[in-house]
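# What the coordinates show
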Amino acid sequence: MNGLKYQLKNISKDKMCILSFLLPVIVGIAIHFISGSSLTAIQETSFGIIENDLPKETAEWLKDSGAVTTFESIRELKAQILNPSSQMIGVLRNGDSIQTMLAGDELSVTVKIADTLPVLYDNRSLFGDENVNIFPNPSDGNVLKSLLIVITMVTAMFMGCTFNAMSIIGEKEDGVALINEILPVTPANYLLQKILLGFAGGVFSTILTACVCMRPELSQIPRILLLIIFSAFISALAGLFIGRIADGLMVGIVYLKMVMILFIAPPVVCYLVAPREGIVWRLSYLLPSGATFYGLMNLMNGRTAEAGKDIAILLVHCAVWFLPYLIIWKGKGKKFRHVKLRD
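Residues numbered from 1 in each chain as written. Predicted model: local features only at pLDDT ≥ 70, side-chain atom pairs only at ≥ 80, totals over all residues. Heavy atoms only, no water.

### Quick notes on the overall build of the protein
Operational definition: A run of DSSP states H or I qualifies as a helix once it reaches four residues; a run of E qualifies as a strand once it reaches two. Both are numbered from the N-terminal end. Per-residue accessibility, obtained with a 1.4 Å probe over protein chains only, is compared with the maximum for each type, and a residue is labelled buried under 20%, exposed over 50%, and partly exposed between these values. It only takes one pair of heavy atoms within 4.5 Å for two residues to be counted as in contact. Surface accessibility follows the Shrake-Rupley procedure with a 1.4 Å probe radius. Residue values consider only the protein chains on display as shielding.
A tally of helices and strands in the protein yields 15 helices and 4 strands. Here the protein holds 343 residues, and the buried ones make up 40% of them. For the protein, restricting intrachain contacts to residue pairs at least 6 apart in sequence, the fraction spanning at least 24 positions comes to 70%. Element-wise, carbon and sulfur atoms account for 64% of the exposed surface of the protein, whose accessible area totals about 19400 Å².

Okay, here's the thing in structure tokens:
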């Protein structure tokens, strides 16, 4: 208990750990106040056309499907399409029909829209006003808002890694690590003590974030808690690994940033651009954050059965990650039992 109090006191002086705890909660509060309509403009499909190229009725038809920007020449249109930050679809005249132009690095949903657009245009006369029903998109079902919530929660789960890594690195620099080696503490108790602080901090931060930006159904709460607990446990273990291999504070920060990018970026990229159930999607499950991210997204979208599969994969990750660390600390414990103090 005294060891936990010391670690908590030491962590409370570290601004990086405090920021990693508070930032996801603050972002979660900001997301809570973002309405679904405020993100609709971001999701709106963008079309680029050349002046006097398309008939007026075609331009009006495009305006009913998204935002239309007119360019004076095809050179300007291509420059905008090739802009990495743009998701614009170029629309050109092709006889009595239309053809689309893409840069090749667009999101999969943009590519599908571009591929389908000429077919929809050719068959536009088949869709009369009497056959069209417009259903309002509720703000809670906004895809981008759900994505922001899940990214924020995954970031909150990562804070246990920061807690543990900074705690161990701080003990190394202060010389406390040498004292810990001769204290009457078993390796199992020391390991439990180290994991507990980062684990509890990650769980608490993620639950706070979930409370302010999610509105889960009662049936989803147990699954969300399991995802949070397993993910925070793996994050705490990762912090112990970083703390052991880092020689100093700056090296530890570099390792933390690298692991954080590896923890968050691949699942987000795969979710946005990789085909579902494809080889890249399946390979992303090799990272524990992949099961965490997909599980939360499935729960946000009401796919409870698929979330159960993600929880099972995450449990396997917990066992796989914990086993080598037990072996390391078991060997370290044997080494320490032969240390004798001089009279």
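From this point, things continue past the structure.
### Focus on the packing of aromatic side chains
Our working rule: For Phe, Tyr and Trp, rings pair up if their centres lie within 6.5 Å, where Trp contributes its six-membered ring, and each pair is then called stacked (planes under 30 degrees apart), edge-to-face (over 60) or tilted (otherwise).
For the coordinates displayed, the defined rule picks out 8 aromatic pairs. Where W61 meets Y121, the ring centres are 5.3 Å apart and the plane angle is 70 degrees; that geometry is what we call edge-to-face. Here the residue W61 occupies a position in helix α4 (residues 56-63), and Y121 occupies one in helix α6 (residues 108-122), the gap between them amounting to 60 residues. Just as W61 is buried, Y121 falls in that class too. For the ring pair F158 and F263, a centre distance of 5.5 Å and an interplane angle of 50 degrees mean the geometry is tilted. Note that F158 is positioned in the loop between α7 (143-157) and α8 (159-174) and F263 in helix α12 (residues 249-273), a separation of 105 residues in sequence. Grouped by ring-pair contacts, the aromatic residues Y271, W281, Y285, F293 and Y294 constitute a single cluster.

### Some thoughts on unusual backbone geometry
The residue N52 is not glycine, and still its phi comes out positive at about 65 degrees. Residue N52 is classed as exposed on the basis of its relative accessible area of 76%.

### Some words on the pattern of salt bridges
As a reminder, the rule being used: The working definition used for a salt bridge is a side-chain nitrogen of Lys or Arg within 4 Å of a carboxyl oxygen of Asp or Glu.
All chains considered together, the criterion is met by 1 salt bridge. Here K63 ties to E60 by a salt bridge, and the two come within 3.9 Å at their closest N and O atoms. Taken as a pair, K63 and E60 lie in helix α4 at a separation of 3 residues, close to a single helical turn.

### Side note on the sheet that holds strand β2 (residues 67-71)
Using the following cut-off: If DSSP finds at least two bridges between two strands, the strands pair. Convention adopted: a line fitted to C-alpha atoms gives each axis, helices being fitted over their contacting stretch, and angles between N-to-C directions are expressed from 0 to 180 degrees.
Pairing is mixed in the open sheet, where 4 strands are placed in the order β2-β1-β3-β4. The open sheet is flanked by β2 and β4 (97-101), the only strands paired with a single partner. The average undirected angle you get between the axes of adjacent strands in this sheet is 35 degrees. The sheet contact formed by strand β3 (residues 89-94) and β4 spans 5 bridges and is antiparallel. Its bridge partner being in β4, V91 is matched across the sheet by T100.

### Brief notes about the side chain of H317
Note on placement: H317 falls in helix α15 (residues 304-336). Those residues within four positions of H317 in sequence are excluded, and the remaining contacts are I234, Y285, L286, L287 and P288.

### Concerning the packing of helix α11 (residues 221-245) against helix α14 (residues 288-300)
Counted only if it meets this: Roughly parallel covers angles under 35 degrees, roughly antiparallel covers those over 145, roughly perpendicular covers 65 to 115, and oblique covers all other angles. By definition, any crossing whose near helix is turned counterclockwise from its far helix by less than a right angle is left-handed, and any crossing with a clockwise turn is right-handed. Residues are grouped as follows: Ala, Val, Leu, Ile, Met, Phe, Trp, Tyr, Cys and Pro are nonpolar; Asp, Glu, Lys and Arg are charged; every other residue, Gly included, is polar.
The contact between α11 and α14 brings their axes to 10 Å, and the two run at 160 degrees. Of the possible angle classes, the one that applies to α11 and α14 is roughly antiparallel. For the crossing formed where α11 meets α14, the hand is left-handed. Contacts between α11 and α14 involve R223, I224, L227, S231 and I234 on the former and, on the latter, P288, A291, T292, G295, L296 and L299. Tallied by class, the residues present in the contact of α11 with α14 amount to 7 nonpolar, 3 polar and 1 charged.

### Quick word on a nonpolar patch on the surface
The line we're drawing: The residues that make up patches have over 30% relative accessible area and no salt bridge, and they are joined within 9 Å when like-charged or within 5 Å when they are Val, Leu, Ile, Met, Phe, Trp or Tyr.
On the surface, I207, L218, I221, L225 and I229 cluster together into a nonpolar patch covering about 410 Å² of accessible area. The topology assignment puts I229 in helix α11.

### Describing the side chain of D310
Selection criterion: Positive charge is attributed to Lys and Arg, negative charge to Asp and Glu, and no charge count is given to His or to the chain ends.
Residue placement: D310 occurs in helix α15. Comment: no salt bridge for buried D310; closest opposite-charge side chain is K309, at 4.8 Å.

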